[in-house]
Amino acid sequence: AKEDGRNAIRFFNPAMQAVVDAHTRMEIGLRAALDNGGFHLLYQPQVDRQGRPAGAEALIRWSGPDGTTISPAEFIPLAEDTGLIVQIGQWVLDTACAQLARWQQSAATRHLSIAVNVSARQFRQADFVSLVRSAIERAGADPSRLKLELTESAILDDLDQSVTRMNQLRKLGIQFALDDFGTGYSSLSYLKRLPFAQLKIDRSFIHDMAEDEGSEAIVIAILSMSHALSLEVVAEGVETPIQREFLRLRGCELFQGYLFGKPLPIEEWQDFLAM
Ligand code: C2E
Ligand code: CA
Ligand code: CA
Ligand code: CA
């Protein structure tokens, strides 16, 4: 046993132990956050070609024990690995649907949609369709204003199943956006089989457009291909008027980025809409 111990130490050094400890602490923290309301959503504006608010993408934040805000890039990967993403995703869906229902009660906000990020593991749950249906019913939200953002990796794992699942949700009126387009496999052949309404160009391409002709060419190609397939295009990470004009000239339908608005707490939406 002693030998084993030494071997284990050889292959499992203090630096690795520190990573495990940090992960364990984070996992405990995430479970606690689910129980104690430690998560909240920010809503980032999406605007149309005239600059009018068309909806929002819901983006999760975790308020750490010390009052700091932890970004999803830091905890979503671990939530995926541990399976906690399923419960976190359910909370996001419930919260976003409740907000949608609130917006639908007033004429000034009734037209707004909410886009929710769905992780691969969440989408692959056997009962995903009924989970989404019950979230909508509990909240009393109009499903036609709910958008689910999926990434290529969530869909391509089992294309047939994805097609079935998406079509079932489409029948309820839910729309789909293909997130982070251009960063993954980007095989175009599957696109026409899947009922996407929108495609989101990853912000890395928007960011690099000005300096890099390759990125500019990719953005142009994505726009013309999407339009040929009757998909709306959402550009992410639009930060400058030059980027907006370039995209507008080439027919981009929706815009999201700091130029129009950062992810906002819901209380700040009144002011944003009054602007
Ligand atoms: P994403 O889905 O690609 O979301 C867009 C990210 O870009 C957001 O980061 C947003 O704050 C940021 N962003 C938007 N406009 C700009 C801009 O003009 N400039 C720059 N530099 N950044 C911009 P955020 O909120 O940190 O989220 C990071 C990622 O975490 C998201 O990327 C998404 O993949 C994931 N995520 C966020 N919320 C959820 C959630 O509720 N569920 C799941 N499964 N994933 C989530
Ligand atoms: Ca997204
Ligand atoms: Ca994205
Ligand atoms: Ca992205």
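Only a predicted model underlies this, so the values are computations on that prediction, with no experimental measurement involved.

Engineer: Before we move on, could you go through the overall build of the chain and cite the residues and values that matter?
Structural biologist: Secondary structure summary: the chain contains twelve helices and nine strands in total. With the principal axes as the frame, the chain shows a C-alpha extent of 70 × 45 × 40 Å. Pairs at least 24 apart in sequence give 65% of the contacts found in the chain among residues at least 6 apart. Taken as a whole, the chain presents about 13,900 Å² of accessible surface, with 53% of it coming from carbon and sulfur. Both charge centroids of the chain, one from 27 positive and one from 36 negative side chains, sit 4 Å from each other.

Engineer: Explain the nonpolar core to me, and be specific about the residues and the numbers.
Structural biologist: Counting residues in each nonpolar core, the largest one holds 75 residues, and the members touching the most others are Leu 30, Leu 148, Phe 196 and Leu 247. When neighbours within four sequence positions are excluded, Leu 30 is seen to be in contact with Phe 39, Trp 62, Phe 75, Leu 78, Ala 79, Leu 84 and Ile 88.

Engineer: I'd like a description of the coordination of the calcium ion (ligand 4), backed by residues and values.
Structural biologist: The protein atoms that coordinate the calcium ion (ligand 4) are Asp 180 (OD), Asp 202 (OD) and Glu 236 (OE), at distances of 2.5 to 3.0 Å. Taken in chain order, the donor set of the calcium ion (ligand 4) reads D-x21-D-x33-E. Between the two metal centres, the calcium ion (ligand 4) and the calcium ion (ligand 3), the spacing is 3.2 Å, with Asp 180 acting as a shared donor. Pair noted here: Asp 202 is in the loop between strand E7 (198-201) and helix H9 (203-208) and Glu 236 is in the loop between strand E8 (232-235) and helix H11 (241-249), with a separation of 34 residues, a long-range link. The buried category is assigned to Asp 202, whose relative accessible area is 11%.

Engineer: Which residues make up the site of ligand 1, and what values do they have?
Structural biologist: As a matter of local geometry, ligand 1 sits amid 21 residues, with Gln 44, Ile 60, Arg 61, Glu 239 and Tyr 258 nearest to it. In this structure, a nitrogen atom belonging to ligand 1 sits 3.0 Å away from a side-chain N or O atom of Gln 44. A distance of 2.8 Å separates an oxygen atom of ligand 1 from a polar atom in the backbone of Tyr 258. For ligand 1, whose unbound accessible area comes to 800 Å², protein coverage reaches 84%. At the level of secondary structure, the elements contributing two or more residues to the shell around ligand 1 comprise strand E2 (53-63), helix H3 (72-82), helix H4 (85-103) and strand E6 (175-181).

Engineer: Explain the environment of Ser 162 residue by residue, including any values.
Structural biologist: Position of Ser 162 among the secondary structure elements: in helix H8 (residues 159-171). With relative accessibility at 3%, the residue Ser 162 sits in the buried group. Separated by 32 residues in sequence, Ser 162 and Leu 194 have C-alpha atoms that sit 7.9 Å apart. Those residues in contact with Ser 162 that sit more than four places away from it in its chain are Phe 123, Ala 154, Ile 155 and Leu 194.

Engineer: Lay out the confidence of the model for the chain in plain terms, naming residues and giving numbers.
Structural biologist: Where the model shows low pLDDT, its predicted coordinates should not be examined in detail. Looking at the chain as a whole, the pLDDT averages 92, with 95% of positions reaching at least 70. In the predicted complex, the global pTM is 0.93; the interface-specific ipTM is 0.97.

Engineer: Go over the coordination of the calcium ion (ligand 2) with me, naming the residues and quoting the values.
Structural biologist: Where a metal carries four tetrahedral donors, each ideal angle is 109.5 degrees; where it carries six octahedral donors, the ideal angles are 90 or 180 degrees. Taken together, the protein ligands of the calcium ion (ligand 2) are Glu 57 (OE), Asn 117 (OD1), Glu 149 (OE) and Asp 179 (OD), with distances of 2.2 to 2.3 Å. Summarised as a motif, the one-chain spacing of the donors to the calcium ion (ligand 2) is E-x59-N-x31-E-x29-D. In this structure, the calcium ion (ligand 2) is positioned 3.6 Å from the calcium ion (ligand 3), and both are ligated by Asp 179. In this pair, Glu 57 is assigned in strand E2 and Asn 117 in strand E4 (residues 113-117), connecting sequence segments 60 residues apart. What makes Asn 117 partly exposed here is its relative accessible area of 27%.

Here is what the cut-offs are and how they apply
Residues numbered from 1 in each chain as written. Chains lettered and ligands numbered in written order. Predicted model: local features only at pLDDT ≥ 70, side-chain atom pairs only at ≥ 80, totals over all residues. Heavy atoms only, no water. Helix = DSSP H or I, 4+ residues; strand = E, 2+ residues; numbered from the N terminus. Contact = heavy atoms within 4.5 Å. Areas by Shrake-Rupley, 256 points an atom, 1.4 Å probe, with all protein chains shown as cover. Lys, Arg positive; Asp, Glu negative; His and termini not counted. Charge placed at Lys NZ, Arg CZ, Asp CG, Glu CD. Core = buried A, V, L, I, M, F, W, Y, C linked by side-chain atoms within 4.5 Å. Buried < 20%, exposed > 50% of the residue type's maximum accessible area, 1.4 Å probe, protein only. Donors = N, O, S within 2.8 Å, 3.2 Å for Na, K, Ca; no water. Near = heavy atom within 4 Å. Polar contact = N/O pair within 3.5 Å; in protein donor to acceptor, adjacent residues only side chain to side chain. pLDDT = per-residue confidence, 0-100.

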